[in-house]
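Here is how the chains run, residue by residue.
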Amino acid sequence: MYNTYLPFISISISTYNRLILLQRLIDSLREYNIYNTDAYELITVDDSTNNDTWDWLNSNEYIKGLNHKLIRLGGQGDAKCKNTGLKLASEKTEFYWHLDDDVYLTKPGLLQYGVKIMRAFPEIGILSFHTHRLPEAPHIMQKHHLPYATEERDGLLVWYKNFSSCSDWFMRKSMVDEIGLFDENVKQGVELRKKNLDTLYIERIKAAGNKWKVASIPDCGVIHADMREMGFGPTY
């Protein structure tokens with residue numbers, strides 16, 4: 001879909017006791033041509049408290065064929081899980097693509113498109129490929145996800161956001177080196193949604209002088225599962 005040279009990208013997945021969702025994500029990676037190349041690696045961090053996910057990951061033939069790193073934490077929390085994926089990234093990594101287990105891809109070429117946008121917009125530190133629309137009214141975007149500005153450059157349109165869920169973040173390594181990792185003192189949960197990991201991280205970006213921008217693409221390329229429909233609660 002999008003043709004461009006790829007720098008080295010580390011794709012990291014965080015998962016916690018939700019094998020059925022993880023399987024859907026992995027299936028979408030396979031469907032949309034995320035295969036073993038010299039341009040990226042896949043890092044899966046299993047924070048599950050049971051053996052189901054670990055056993056499945058170790059027996060999956062598609063994953064075995066990838067440039068893959070697999071680590072097990074066992075209930076250490078969302079921030080620790082995400083940070084572990086970032087820390088395990090190759091020294092030659094230029095971009096991170098973090099995915100939670102409750103998202104899945106809807107189209108090919110997202111890695112190439114993400115790189116193309118990051119090159120056209122060097123001020124973007126975080127890019128999201130999903131647009132947060134209400135399940136019961138998919139034509140309406142949730143209010144706190146509305147862009148505060150849009151910009152088109154080199155034929156590429158982005159939406160600048162004050163908030164973006166870190167369930168799908170395409171991150172510039174140079175930004176992470178400057179801003180740092182996720183705060184491991186934050187516990188995820190419904191009662192803490194006003195100060196989740198993503199909110200706090202974006203606040204740190206703003207506190208650093210707004211050198212980096214947070215953006216998304218208007219055309220959804222990643223779906224964030226509706227937990228109400230899937231029968232699951234929050235990640236942590």
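Structural data are supplied above this passage.
As the structure is a prediction and not an experimental result, all values here were calculated from the model.

Rules and cut-offs
- Residues numbered from 1 in each chain as written.
- Predicted model: local features only at pLDDT ≥ 70, side-chain atom pairs only at ≥ 80, totals over all residues.
- Heavy atoms only, no water.
- Axes fitted to C-alpha atoms, helices over the stretch in contact; angles between N-to-C directions.
- Helix = DSSP H or I, 4+ residues; strand = E, 2+ residues; numbered from the N terminus.
- Parallel < 35°, antiparallel > 145°, perpendicular 65-115°, else oblique.
- Left-handed = near helix turned anticlockwise from the far one by under 90°.
- Contact = heavy atoms within 4.5 Å.
- Nonpolar A, V, L, I, M, F, W, Y, C, P; charged D, E, K, R; others polar.
- Core = buried A, V, L, I, M, F, W, Y, C linked by side-chain atoms within 4.5 Å.
- Buried < 20%, exposed > 50% of the residue type's maximum accessible area, 1.4 Å probe, protein only.
- Salt bridge = Lys/Arg side-chain N within 4 Å of Asp/Glu carboxyl O.
- Pairing = 2+ DSSP bridges.

**Let's talk about the packing of helix 1 (residues 19-31) against helix 2 (residues 52-59)**
Right, on to step 1. At their nearest, the axes of helix 1 and helix 2 sit 10 Å apart, and the two run at 25° to each other. As the angle between them shows, helix 1 and helix 2 are arranged roughly parallel. Every pair of crossing elements has a handedness; the one defined by helix 1 and helix 2 is right-handed. Contacts between helix 1 and helix 2 involve L19, L22, Q23 and I26 on the former and, on the latter, D52, T53, W56 and L57.
Right, on to step 2. Residue composition of the contact of helix 1 with helix 2, grouped by class: 5 nonpolar, 2 polar and 1 charged.

**Focus on the nonpolar core**
Right, on to step 1. One finds I9, L29, W97 and F170 to be the most contacted residues of the largest nonpolar core, which totals 41 residues.
Right, on to step 2. Broken down by element, the residue count for this core peaks at 7 residues, all from helix 5 (residues 110-120).
Right, on to step 3. In contact with F170, other than residues within four places in its own chain, are I9, F95, Y96, W97, L111, G114, V115, M118, G125, I126, L127 and F129.
Right, on to step 4. The next biggest cluster of nonpolar side chains, apart from the first, holds 23 residues, and it includes A79, M175, Y201 and V214.

**Quick word on the pattern of salt bridges**
Right, on to step 1. By the definition in use, this model includes 12 salt bridges.
Right, on to step 2. Of the charged contacts, one joins R30 and D27 as a salt bridge, the two residues approaching to 2.7 Å between their closest N and O atoms. Of this pair, R30 and D27 both sit in helix 1, 3 residues apart, roughly one helical turn.
Right, on to step 3. A relative accessible area of 35% places D27 in the partly exposed class.
Right, on to step 4. Between D78 and K82 there is a salt bridge, with its nearest N and O atoms 2.6 Å apart. Here K82 and D78 lie together in helix 4 (residues 78-87), a separation of 4 residues that amounts to about one turn.
Right, on to step 5. Given the relative accessible area of 5%, D78 is considered buried.

**Brief notes about the sheet that holds strand 11 (residues 168-172)**
Right, on to step 1. A sheet is described by the order of its strands in space; here 9 strands give the open sequence 3-2-1-4-11-6-12-10-9, paired in mixed fashion. Strand pairing shows two members of the sheet lacking a second neighbour, strand 3 (68-72) and strand 9 (149-153), which therefore form its edges. Pairs of neighbouring strands in the sheet enclose a mean axial angle of 25°, with direction left out of account.
Right, on to step 2. Direction of pairing for strand 1 (residues 9-15) relative to strand 4 (residues 95-100): parallel, over a ladder of 6 bridges. The residue bridging I11 from the neighbouring strand is W97, located in strand 4.
Right, on to step 3. In this fold helix 2 packs onto strand 1, strand 2 (40-46) and strand 3, with an angle of close to 160° to the strand it touches most, strand 3.
Right, on to step 4. Running at roughly 150° to strand 6 (residues 124-128), helix 5 makes contact with strand 1, strand 2, strand 4, strand 6, strand 9, strand 10 (156-160) and strand 11 of the sheet.

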